[in-house]
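Examining the three-dimensional arrangement
Residues per chain are reported as follows:
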Amino acid sequence: MSNETTTSSKSTRIRKEYFIAYMMVAPTIIGLIILNIVPFFKTIWMSFSKSALFGAWEFAGLKNYIDMFQSSEFWKATLNTLEFLILTVPIGIALSLILAGLLNAKIRGKTVFRAIYFLPMVVAPAAVAMVWKWMYNTEFGIINTVLRAVGLPTNNWLTNPSTVLLSVAVVAIWSAVGYDAILLLSGLQAIPLSYYDAARVDGAGGFKQFIYITLPLLSPTTFFVLIMRCMASLKVFDLIYMMVEDSNPAIQSARPLLGMFYRQSFEVGNKGYASAIVLWVFFIISIFTLLQFIGQKKWVNYDI
Amino acid sequence: MNKRKCMVLMMVFSMVMMLLSGCGGASNTSSNGDKVSLTFQIWDVFQQPGMEDLVEAYVKDHPNVSIEVQTINWDEYWTKLEASASSNSLPDIFWMHTNEFMKYATSGMLADLSDLYGDKNYYTNNFPAGLVDNASYNGKVYGVPKDWDTIALAYNTDLFDQAGVSYPDDTWTWDTAIEAAQTIYDKTGVSGFLAPLDDQSGYLNLVKQAGGYILNDDKTASGFTNEATKLGISSWISLQMDHDFSPKQATFAETDAGSLFVAGQGAMLLLGSWNVAPYLQDYPDLKWDVAVLPRMSNPVSGDGRGTIYNGLCYATSAKNKNLDVVKDFLKFLGTEEANIIQGKSGAAIPAYNGTSKYWVENLQDKLNVQVFEDMMEYGTQFYNAKSKSQWNAIVRDTLLEVYNGTKDLDTALSELQKTVDGYLAEE
């Protein structure tokens, strides 16, 4: 490429590069618009309508929202979703932090361990749910069988209203901890070792090193993992849907907002009402994410 | 620069092609020249061989037609069908069920099959009246009746022998059944009667036996608060809640009654005839038999006998592109010949009058399946309504609360009465 250019050929070159750039992102943007953005606006419109059979709609104003906010089932679902969030996020992140630290240690066969811990993410959620559901089975499941053999009390994990969300949360944490650990691992490996050397010279032990070097310098990655986990927990559907079915006595204590959405949309056929529920979930996630972005100034450290 | 631009364009092109190819595939029918290929959608994988027998018999005489039988699991069948209907891509032939028939027929989704045979009375002459009724709307027939099924009492002969209880017969009342269940439970420790929350294979039969109803004759009001209905439902609920011989609903939520029965964990169960062939095939070591349902000894009206019967029909879309060919196949499916094939395959009890004996013959030496046919005499059609698909889940959920102890039966029934009446009024 010749360095001496006239103005017109330079702007042509720039325009060509812009054109290529746009062409490269075009498939993704087109997909995003058709599959995400347009349906999003359609959902907003649907939430103000009442659905009739097979795609016919009639305008209904705020009726869906009024029904929604007055429904006790809806508030219970909101509580269930928030409870699920509290159960999965703190423990999940703590465990993946510890796991990431362990996977970074100088041990043999590190790569093998990393692959093993990543495996749960690779398995289809439906398969995970089915197997865990069988393990939790009150009479024939392996968990209770082992507990009984050791003489510990058993529980009807999935049909007891007080333990059902906890049981599903365990599965959610199990399946995500490997993935989060790998993410945190990459953050860990970006921390220059010189910091640790300096700290050791100054007399800081392993624990102090962790608190004052690792955590702050890892905070951007932790922040990312935190946001992704929060979103995933607020959007939980498939795990609970597959492990707790409608005939389960504990269903009211387990059904999350998106579970209620599915039921209203496909089982009861009330798609307008369901759209209002979806927008409420969107609102909650937005609030959470906004709070986290505001909070990041306090604890996320970007200068490595 | 040119080469790079070329490569970029090729990449973009191939990505767009991949995107578009993922969007396609909505239409299942194709006809190039004379060859027509159709899709036939069902929900019972056990009946697939039977349906394929029917396809084979038809295709033999119509070599230019090929029909592919696709099984979609019951849980996803209706969601998928509704999506197909909304996007005008319904399969060419599909099974239709009482629960959903009205929804599709009243929205004009189904093709009118009244004149399929030229003779207006073909259906009423050759199929049970209830089945034709459930496949009709506004005097027009929208489905070719396929089969009927009834609910009988299945029992584990091993457990009965162990407990020394004599087998159920047609003298049994529900009191006899409770006694037997209790004895079996006391003597063997295995559950004597499996009584989960279920409508067709559960309380509906007792509602009918008591003389009650869920929907009145012109479908304008429900009968939840009717005395006989309440007797039927409460008797069924009491089997599980007031006795220790039945597992509780929490257990059924984790392991369904059918699985418990075939694992030898339950002595008695209400079983629909569609389960007979699959059970025989999958659990050949299970020692069991069937009997007529116990009679209710204190009905509000009637003689205390009753069972729920239901039937599927074959249907197609009103907007199908190959309506002529599809209608011809549907016409074949409603002939005596086709029903005999279906009966011999053991798939289901064929609907055509007089052909049920082929299904019975097939299985007679293993089980006393004649009882299914016998009970048809006093069977009542499983109810349907246009709005049923909207409140069916609500009925189940409300009754579930009674099982959980969070609601008493009277409250539940009056709530259901109000809710369902509301939906019926909107129809």
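Residues numbered from 1 in each chain as written. Chains lettered and ligands numbered in written order. Predicted model: local features only at pLDDT ≥ 70, side-chain atom pairs only at ≥ 80, totals over all residues.

1. Let's talk about the sheet that holds strand 10 (residues 268-272) of chain B
Residue and element names in this part refer to chain B.
- If you trace the three strands from one edge of the open sheet to the other, you get 10-9-11, paired in antiparallel fashion. Of all the strands in the sheet, the pair left with one neighbour each is strand 10 and strand 11 (288-291). On average, adjacent strands in this sheet sit at an angle of 35° to one another, irrespective of strand direction.
- Both strand 9 (residues 151-156) and strand 10 contribute to a ladder of five bridges, which runs antiparallel. Looking at strand 10, one finds that A154 is bridged to L269.
- Each of strand 9 and strand 10 touches helix 9 (residues 199-210); the most contacted strand, strand 10, lies at about 105° to it. (Pairing = 2+ DSSP bridges. Helix = DSSP H or I, 4+ residues; strand = E, 2+ residues; numbered from the N terminus. Axes fitted to C-alpha atoms, helices over the stretch in contact; angles between N-to-C directions. Contact = placed C-beta atoms within 7 Å.)

2. Description of the domain arrangement of chain A
All names here are of chain A.
- Looking at chain A, the domain boundaries give domain 1 (7-47) and domain 2 (65-299).
- Each partner contributes to the interface: domain 1 provides four residues, whereas domain 2 provides six residues.
- When its residues are assigned to classes, the side of domain 1 that touches domain 2 shows two nonpolar, two polar and no charged. (Domains from an automatic or database assignment. Nonpolar A, V, L, I, M, F, W, Y, C, P; charged D, E, K, R; others polar.)

3. Some remarks on the pairing of strand 3 (residues 65-71) of chain B
All names here are of chain B.
- As defined by bridge partners, strand 2 (residues 35-42) adjoins strand 3 across seven bridges and the pair is classed as parallel. When the bridges of strand 3 are listed, V36 appears paired with V65.
- Between strand 2 and its parallel partner strand 3, the chain crosses via helix 2 (residues 48-61), and the hand of that crossover is right-handed. (Right-handed = clockwise from strand over helix to strand, strands pointing away.)

4. Notes on the pairing of strand 10 of chain B
- Along strand 10 of chain B, five of the five residues are buried, which leaves the element largely enclosed by surrounding structure.
- Burial along strand 10 of chain B is two-sided: M268(B), L270(B) and G272(B) facing one way and L269(B) and L271(B) facing the other are all buried. (Buried ≥ 20, exposed ≤ 12 C-beta atoms within 10 Å, placed from the backbone.)

5. Some details on unusual backbone geometry
- One non-glycine residue, N138(B), lies in positive phi territory at about 55°.
- Mapped onto the secondary structure, N138(B) falls in the loop between strand 5 (136-137) and strand 6 (140-141).

6. Quick notes on the interface of chain B and chain A
- With 28 residues of chain B at the interface, the matching set in chain A holds 24 residues.
- Of all the elements in the fold, those that place two or more residues in the side of chain B that touches chain A are helix 1 (2-23), helix 3 (74-86), helix 11 (249-254) and helix 18 (388-404) of chain B.
- Here the side of chain B that touches chain A is built from residues that sort into 15 nonpolar, nine polar and four charged.

7. So, the environment of E401(B)
Residue and element names in this part refer to chain B.
- Within the secondary structure layout, E401 lies in helix 18.
- Sequence-wise, E401 and I237 are 164 residues apart; in three dimensions their C-alpha atoms are separated by 11 Å.
- Those residues in contact with E401 that sit more than four places away from it in its chain are T406, K407 and A412.

8. Here we look at the nonpolar core
- A152(B), L153(B), A154(B), A181(B), F193(B) and M268(B) are the most contacted members of the largest nonpolar core, which totals 121 residues.
- Two domains each put at least three residues into this core: domain 1 (33-149 + 310-354) and domain 2 (151-307 + 382-426) of chain B.
- In contact with A152(B), other than residues within four places in its own chain, are L271(B), S273(B), V290(B), A291(B), V292(B), L293(B), V371(B), F372(B) and M375(B).
- Y136(A), A254(A), L258(A) and W280(A) belong to the second largest nonpolar core, which has 53 residues in total. (Core = buried A, V, L, I, M, F, W, Y, C linked by C-beta atoms within 7 Å.)

9. Remarks on helix 9 of chain B
Residues and elements named next belong to chain B.
- Of all twelve residues in helix 9, ten are buried; the element is thus mostly enclosed.
- For helix 9, the set of buried residues is D199, G202, Y203, L204, N205, L206, V207, K208, Q209 and A210.
- At its buried positions, helix 9 is contacted by strand 9, helix 10 (227-241), strand 10, strand 12 (307-309) and strand 15 (379-381).
- Immediately downstream of helix 9, the backbone of G211 shows phi near 100°, a positive value.

10. As for the domain arrangement of chain B
Residues and elements named next belong to chain B.
- When its domains are assigned, chain B resolves into domain 1 (33-149 + 310-354) and domain 2 (151-307 + 382-426).
- On a C-alpha basis, the centroid separation for the pair domain 1 and domain 2 is 29 Å.
- Contacts between domain 1 and domain 2 engage 15 residues on the former and 13 residues on the latter.
- Counting residues per element, the side of domain 1 that touches domain 2 draws most heavily on helix 4 (residues 98-106), at seven residues.

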